[in-house]
Amino acid sequence: MADELFTLAAATTGTPASAPFGRVLTAMVTPLKDDGGLDLDGTAALAEHLIENGCDGLVVSGTTGESPTTTDTEKEAILRTVLDVAKGRAKVVAGVGTYDTHHSIDLARAAEKTGAHGLLVVTPYYNKPPQEGLRRHFTAVADATDLPVMLYDIPGRSGVAIATDTLLKLAEHERIVAVKDAKGDLFASSEVMARTNLAYYSGEDALNLALLTHGAVGVVSVVGHVAARQYSQMTRAVDSGDLARALRLHRQLIPAVRAIMTRTQGAIMAKAAAQTLGIISSRQMRSPLIPATDEQVAELRDDLSQAGVL
């Protein structure tokens, strides 16, 4: 019955009945040692924990993974480590977007060679390209490999949104198949879903339920570090039409979303949460980000307890 309802939703909204990268993805933090070096054992442990708790997709080297401060060689090592853990149990998507098209292409090709299942390409940040520049950038990266591409629309960080008309044009590319949506414009997202076959993923934890009910196929979550199981339950509840259960899960997780996404930068608190749960050993960050303070961690513990995830 759930599959029939999901297929019906696809037919009426234009959203595909399948999710090319899985349903519940976590945008992984990059565990570091206290000296700031990569903790690949911690990376492997985190990937295993997330898969065991309901993630069928993992994103590495996104903003939450501190991609601006990891080298290309480190990105390859992180990706290889997570692929070794996933072993077909979860799709592994590599963040390759930068504000330089040529560098993004190099990262995309390296990710393909390493074995990534897909690419996450964020809107070029800081230099604020015009819409035609965005179209050419995304097209060039999609043309560079045979991997499926998820666009990442996050104007709050990039300084420019991907306009609806631009998304409609990009949807014509055979390898541009999905959008991680952190635009915060449900109407614009609904229009693109209605007019294309792009698979939409909520990229903003506060709006996960809202976007799922508008036709998104899944989530790319930061709060998923502690709530992947609940988000998996939420997606199934929406599939089956049990919106009352989905709403209960959404409300249960409000303290966790508040704790990780509103008190300071999300990667800082997601890493602190992973340490609090005993998954990784350190909450070390790379400058200019800084580790969560003891006071912030104390508040985090209280909020995670309220949300029933600690």
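Reading the values: rules and limits
- Residues numbered from 1 in each chain as written.
- Predicted model: local features only at pLDDT ≥ 70, side-chain atom pairs only at ≥ 80, totals over all residues.
- Heavy atoms only, no water.
- UniProt positions renumbered as here; feature names shortened; annotations may be inferred.
- Core = buried A, V, L, I, M, F, W, Y, C linked by side-chain atoms within 4.5 Å.
- Buried < 20%, exposed > 50% of the residue type's maximum accessible area, 1.4 Å probe, protein only.
- Contact = heavy atoms within 4.5 Å.
- 1 Å grid on protein atoms, 1.4 Å probe; cavity = no way out; pocket = protein on both sides within 12 Å on 5 of 7 lines; lining within 4 Å.
- Helix = DSSP H or I, 4+ residues; strand = E, 2+ residues; numbered from the N terminus.
- Expected span 1.5 Å × (residues − 1).
- Polar contact = N/O pair within 3.5 Å; in protein donor to acceptor, adjacent residues only side chain to side chain.
- Pairing = 2+ DSSP bridges.
- Axes fitted to C-alpha atoms, helices over the stretch in contact; angles between N-to-C directions.

- Looking up the protein chain in an unreviewed UniProt entry gives the name 4-hydroxy-tetrahydrodipicolinate synthase, with the organism given as Phytoactinopolyspora halotolerans.
- Annotation of the protein chain in UniProt includes, under Subunit (unreviewed entry), the sentence "Homotetramer; dimer of dimers."
- Regarding the protein chain, the relevant UniProt record gives this comment under Sequence similarities (unreviewed entry): "Belongs to the DapA family."

**Overview of the nonpolar core**
Here is step 1 of the chain: Residues Val-96, Tyr-231 and Ile-260 are the most contacted members of the largest nonpolar core, which totals 84 residues.
Here is step 2 of the chain: Leave out the neighbours within four places in its chain, and Tyr-231 touches Val-24, Asp-205, Asn-208, Val-219, Ser-221, Val-223, Gly-224, Leu-253 and Val-257.
Here is step 3 of the chain: Membership of the second largest hydrophobic core comes to 16 residues, among which are Phe-21, Leu-25, Val-93 and Val-217.

**Quick look at the UniProt feature "site: Part of a proton relay during catalysis" (unreviewed entry) in the protein chain**
Here is step 1 of the chain: Here, the residues flagged by UniProt with the feature "site: Part of a proton relay during catalysis" (unreviewed entry) are Thr-63 and Tyr-126. The largest pairwise C-alpha distance within this set of annotated residues, which runs over 64 residues, is 14.0 Å, so the set is compact in three dimensions. Checked against the lining of the largest pocket, the annotated residues reduce to Thr-63.
Here is step 2 of the chain: Given a relative accessible area of 27%, Thr-63 falls into the partly exposed group.
Here is step 3 of the chain: With sequence-adjacent residues up to four places away left out, Thr-63 is seen in contact with Arg-157 and Gln-265.
Here is step 4 of the chain: Among the secondary structure elements, Tyr-126 is positioned in the loop between strand 4 (118–122) and helix 5 (131–144).

**Considerations on helix 2 (residues 40–52)**
Along an α-helix, residues three or four positions apart point the same way, because every turn accommodates 3.6 residues.
Here is step 1 of the chain: Over its 13 residues, helix 2 extends 18 Å from the first C-alpha to the last, a length consistent with the 18 Å expected when each residue adds 1.5 Å.
Here is step 2 of the chain: Backbone nitrogen of Asp-41 and a side-chain oxygen of the N-cap are separated by 3.4 Å at the start of helix 2; the cap is Asp-39.
Here is step 3 of the chain: Residue Gly-54 follows helix 2 closely and has a positive phi angle near 120°.

**A look at the sheet that holds strand 7 (residues 199–202)**
Here is step 1 of the chain: Strand order in the closed barrel formed by eight strands is 1-2-3-4-5-6-7-8, with parallel pairing between adjacent strands. The mean angle between the axes of side-by-side strands here comes to 25°, regardless of whether they run parallel or antiparallel.
Here is step 2 of the chain: Where strand 2 (residues 57–60) and strand 3 (residues 91–95) come together, four bridges link them in parallel fashion. Within strand 3, the residue paired with Val-60 across the bridge is Ala-94.

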